[in-house]
Amino acid sequence: MSRQGTHGTHGTQGTNEGLNGISPGRRALLGAAVLGAGGAVLGLPATARADDKHGGGGYKSLPKPTIIGHRGASGYRPEHTLGSYQLALDMGAHVVEAGDLVPTKDGHLVCRHEPEIGGTTDVSAHPEFADRRTTKLLDGVSTTGWFTEDFTLAELKTLRAKERIPANRPHNTLYDGRWEIPTFEEVLRWRDEQSRKRGRQVWIYPELKHPTYFRKLGLGLEERVTKVLRRHGLDKKNSPVILQSFEPTSVQRLNKLVDNPLVVLLGAANTRPWDFEETGDPRTVADLVKPAGLRWIASYAQGIGPTLDLVIPKDASGNLTTPTTLVRDAHAEGLILHPYTMRNENPFLPANFRKGTDPDGYGDAFGAFRTYFATGMDGVFTDNPDTGVLAREDFLKG
């Protein structure tokens, strides 16, 4: 996360500048959110903060429902950039998912949604890296592009981030080229800096990506994450860092290395975690969300991050149906639930909350948030933290 040069714009300067590139209606919503969510950028008393000023109460001290900035405020900035993380904080997110962690060739951890970076950086515009384009088998899927493990950190630092889904978020392309790919080390320094400025612990929620894939390449993630966290004294039970992964064996490995709160991510019911595929474990996600599966997860983790469809399934038309028993069952095992992902745009909302057909148009996100919150889940990942914060306030008012 560079803080130098024209690409290092950060803090409130970048945030305020960004509002000028948004329509008046959306700008008004953002402004209201910044005020309603604690007014951090204006120096007002923050309301959206952990109960314990210093974070000593651990993850259980987080407000509920917890608003988690998904890859930052990725509805408004290119994901996994300092600009996206900063804006999520300024909008009042209780936790920022600062870091989908993937390794470089020389063993550093950087923040990208996937190891393939063709869609999230300008690497294709760098002729010096044209020969790095290749096809690999990533968790059983043939994937073509450029991969972080084929670049040194110094090489990756010559690239710049760009919007991943420009068709849905053309306004985010305004910020293409502004920020570097941040390292996990830089994220933790940023977290420390923001905690000092705000007088409270800033919470982050990194994810370990494709751990089995990288372990086979000799780039084990868990040990690298542990080393960086220990260096910053953030590997403790009450440290404001929640670690997550889609691979249960990775979370089990983390459980032996650190004392941080741990979360198992869960995809579609009919899928199997990739480490299960590799080890021959026959269980599917549908098995893991049954009481016995949840009890097994609770033996080494503190929570689950299910897809929203596991909480409220959709029918063939994409409309929400009746909630499952997952929230109740997980709570019975002492697990917290932080489902993913709420987004404001029509294509990402349940069909019965869409308005019109514009892929960049907003639907009834507040209605969807309210419906999901009513299940009793402990929090939610959202690309639009400002909307989430306001929806939470509405929900708590009844």
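This is a predicted model, so every value here is computed, not measured. (Residues numbered from 1 in each chain as written. Predicted model: local features only at pLDDT ≥ 70, side-chain atom pairs only at ≥ 80, totals over all residues. Heavy atoms only, no water.)

Novice: Even after reading the chapter, I still don't get the nonpolar core, so can you show me in this structure?
Specialist: As a rule of thumb, nonpolar side chains are buried together in soluble globular proteins. Counting 84 residues, the largest nonpolar core has Phe184, Ile304 and Met342 as the members making the most contacts within it. Residue contacts for isoleucine 304: discarding those within four places in its chain leaves Val263, Val264, Leu266, Leu294, Ile297, Leu326, Ala330, Leu335, Ile336, Leu337 and His338. The next biggest cluster of nonpolar side chains, apart from the first, holds 11 residues, and it includes Leu62, Tyr205, Val263 and Ile336. (Core = buried A, V, L, I, M, F, W, Y, C linked by side-chain atoms within 4.5 Å. Buried < 20%, exposed > 50% of the residue type's maximum accessible area, 1.4 Å probe, protein only. Contact = heavy atoms within 4.5 Å.)

Novice: Would you mind showing me how to read unusual backbone geometry here?
Specialist: A negative phi holds for most residues other than glycine; trans holds for most peptide bonds. Here the bond from lysine 64 into proline 65 is cis, since omega is -10°, no more than 30 degrees from zero. Position of proline 65 relative to the elements: it lies in the loop between helix H2 (24-36) and strand S1 (66-69). Put simply, tyrosine 340 and threonine 341 share a cis peptide bond, and its omega is -15°. The phi torsion at aspartate 139 lies on the positive side, around 50°, for a residue other than glycine. By secondary structure assignment, the location of aspartate 139 is in the loop between strand S5 (134-138) and strand S6 (141-145). (Helix = DSSP H or I, 4+ residues; strand = E, 2+ residues; numbered from the N terminus.)

Novice: Help me understand the packing of aromatic side chains, please; the structure alone is not making it clear to me.
Specialist: In this description, a pair of aromatic rings is defined by centroid distance and the angle of the planes. Applying the stated criterion across every chain, the model contains 10 aromatic pairs. For the pair tryptophan 296 and tyrosine 300, a centre-to-centre distance of 5.0 Å together with 75° between the ring planes defines the contact as edge-to-face. Take tyrosine 300: its relative accessible area is 4%, and that puts it in the buried class. Between phenylalanine 373 and phenylalanine 395, the aromatic rings sit 5.5 Å apart at their centres with planes inclined by 50°, giving tilted as the arrangement. One end of the pair, phenylalanine 373, is in helix H14 (residues 365-373); the other, phenylalanine 395, is in helix H15 (residues 385-397), and 22 residues separate them in sequence. Feature note: the residues Phe276, Trp296 and Tyr300 constitute an aromatic cluster, connected by ring pairs. (Phe/Tyr/Trp six-rings, centres within 6.5 Å; stacked < 30°, edge-to-face > 60°.)

Novice: Can you help me understand the pairing of S6 in this one?
Specialist: In the case of a regular strand, side chains alternate between the two sheet surfaces. In terms of strand pairing, S5 meets S6 through 5 bridges, oriented antiparallel. Within S6, the position partnered with leucine 138 by the bridge is valine 141. Linking S5 back to S6 in an antiparallel pair, the connection comprises 2 residues, with aspartate 139 at a positive phi of about 50°. (Pairing = 2+ DSSP bridges.)

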